[in-house]
Amino acid sequence: MRCDKMWTNARIATLSAPGLGVIEDGVIAARNGRIAHVGRAATAPEIDAAETIDCAGRWITPGLIDCHTHLVHGGDRAREFEMRLEGASYEDIARAGGGIVSSMKATRAASEDELVASALPRLDALIAEGATTVEVKSGYGLSTEAELKMLRAARRLGEERPVRIVTSFLGAHALPPEYTGDADGYVAMLCDTMLPAVAAEGVADAVDAFCEGIGFSADQVDRLFTAAAASGLPVKLHAEQLSNQHGAALAARHGALSADHLEHLDADGVAAMARAGTVATLLPGAYYFMRETRQPPVAALRAAGVPIALATDCNPGTAPLTSLLLVMNMAATLFRLTVDECLAGVTRNAAMALGIGCKTGTIAVGKSCDLAIWNIERPAELVYRIGFNPLHARVWRGQ
């Protein structure tokens, strides 16, 4: 077998089987950016590699995947952080003109180049910890022109750095000031004008929404998701973060890729997600930053067989976080996920949450050769350490 590159003498967590799918004394070969072989050295075919890398017993996992971020935005909201420390709630800040609308003003004022430049350091922080795929949402423009600008900026991040960028159109993130008191009118504009423009330009891979008392109702999201289906775009949803709006069940009825946050998810929502194959994306950084006390129903999700993904939710207001390693520690510490669940949450299940499980997320023949090589003795170190990055090398599409 001829290949471009081969990694030998490695311990491999393929994530392609229950648990971690560990291969001791493993070999990975890549050709044209894809995995051509993975297995034990003792049973490997003869491989003629242009370059061979001895991993010296290091661990290899799939490249990490951040499946929920708001990486592109203008400005910051450090002052709102101070306000929360002084006792203001998230709802208080939003109703006073802060929150998402504050980021909207800064994002509308920024040029596309400025949005790219400000997002790159955040993306670089994720890449430095082994991320090879990052989802980026719009949602701080809230007008056709500004939402398209955000999505174009997100796409450009994948041209500036060796990383796969997946984009989500989140026009239903908040009500812009020009539609105050007319949420239905805004949703109609989303469905009739903004979504068709986004679909026509091909800058979004999915449609997202914020289903919440301070966001959009289930009926409004239902209308948007129906329009998304007509445009040929899959859907996902911010659901049950602050209250139970039954958004997860709605998302599942639309065959959503994922429902995210889920602190207030009920039994009916869990069952609906299980039937639909909708991934539960948990965001412990936002839970921590907002000092929430109600945890997502992890035991119920496990029992129902709902795949659990993890993500940073990197955003300026409720999760200014750019570390998937810290996310794993938070998920284990705050939500009691196991090591295996945490690692699956930022690889295999995160890929499923983006609808790209056939391309990446596990180390398997035919998939993109996206790898993270670690200076660790056991995978638990990736979850248990805080503020320590043991990445030895990152591989994206075989390079």
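Quick summary incoming for the structure in this document. (Residues numbered from 1 in each chain as written. Predicted model: local features only at pLDDT ≥ 70, side-chain atom pairs only at ≥ 80, totals over all residues. Heavy atoms only, no water.)

**Digging into helix α12 (residues 324-335)**
Put simply, the rule is: Each helix is a run of DSSP H or I of at least 4 residues and each strand a run of E of at least 2, with the numbering of both proceeding from the N terminus. One fewer than the residue count of a helix, multiplied by 1.5 Å, yields its expected span. Remark: exposure states derive from per-residue accessible area (1.4 Å probe, protein chains only) relative to the maximum for the residue type, with buried under 20%, exposed over 50%, and partly exposed in between.
When the terminal C-alpha atoms of α12 are compared, their 15 Å separation across twelve residues agrees well with the 16 Å that a helix rising 1.5 Å per residue should span. The buried fraction of α12 is high, at nine of twelve residues. L324, L325, V327, M328, N329, M330, A331, A332 and F335 are the residues of α12 that are buried. Positive phi appears at R336, one or two residues downstream of α12, with a value of about 65°.

**Details of the side chain of E212**
This is how the line gets drawn: Polar contact is defined as a pair of N or O atoms within 3.5 Å, subject to the rule that within protein one atom must be able to donate a hydrogen and the other to accept it, and that residues adjacent in sequence are counted only when both atoms are side-chain atoms. The contact rule is simple, with two residues in contact once any of their heavy atoms fall within 4.5 Å.
You can see E212 is positioned in the loop between β9 (206-211) and α7 (218-230). Only 3.0 Å separates the side chain of E212 from the backbone nitrogen of L242, close enough to count as a polar contact. When sequence neighbours within four positions are dropped, the list of residues in contact with E212 reads Q241, L242, S243 and Q245.

**Some thoughts on the packing of helix α6 (residues 183-201) against α7**
Axis angle and axis distance: for two packed helices, these are the angle between their axes and the distance between the axes, and together they describe the pair. The following threshold applies: Helix axes use the C-alpha atoms of the stretch in contact, all axes being lines fitted to C-alpha atoms, and the angles between their N-to-C directions lie in the range 0 to 180 degrees. An angle below 35 degrees is treated as roughly parallel, one above 145 as roughly antiparallel, one from 65 to 115 as roughly perpendicular, and anything else as oblique. Amino acids are sorted into nonpolar (Ala, Val, Leu, Ile, Met, Phe, Trp, Tyr, Cys and Pro), charged (Asp, Glu, Lys and Arg) and polar (every other residue, Gly among them).
Running from amino to carboxyl end, α6 crosses α7 at an angle of 5°, the nearest separation of the two axes being 10 Å. In terms of axis orientation, α6 runs roughly parallel to α7. Counted together, A183, D184, V187, L190, C191 and L195 of α6 and Q220, R223, L224, A227 and A228 of α7 form the full contact between these two elements. Here the residues of the contact of α6 with α7 are counted per class, giving eight nonpolar, one polar and two charged.

**What about the sheet that holds β9?**
Selection rule: Strand pairing is assigned whenever DSSP identifies at least 2 bridges connecting the two strands.
In spatial order, the strands read β6-β7-β8-β9-β10-β11-β12-β13; together these eight strands make up an open sheet with parallel pairing. Bordering the open sheet on either side are β6 (64-66) and β13 (308-310), each of which pairs with just one other strand. Strand-to-strand twist in this sheet, taken as the mean axis angle between neighbours without regard to direction, amounts to 25°. When strand β12 (residues 279-282) meets β13, the two strands line up parallel, connected through three bridges. Considered in β13, the bridge of T281 is made with A309. The strands touched by α6 within the sheet are β8 (164-172) and β9, with β8 carrying the most contacts at an inclination of about 150°.

**Some points on unusual backbone geometry**
Here L142, not a glycine, exhibits a phi torsion of approximately 60°, which is positive. Mapped onto the elements, L142 comes out in the loop between β7 (131-137) and α5 (144-160). We classify L142 as buried; its relative accessible area is 1%. Non-glycine residue L262 carries a positive phi angle of around 75°. You can see L262 is positioned in the loop between β11 (258-261) and α9 (267-276).

**Some points on the environment of T360**
One can find T360 in the loop between α14 (348-353) and β14 (371-374). The class of T360 is buried, set by a relative accessible area of 2%. In this structure, T360 is in contact with I65, T133, R164, A351, K367 and D370, ignoring residues within four places of it in sequence.

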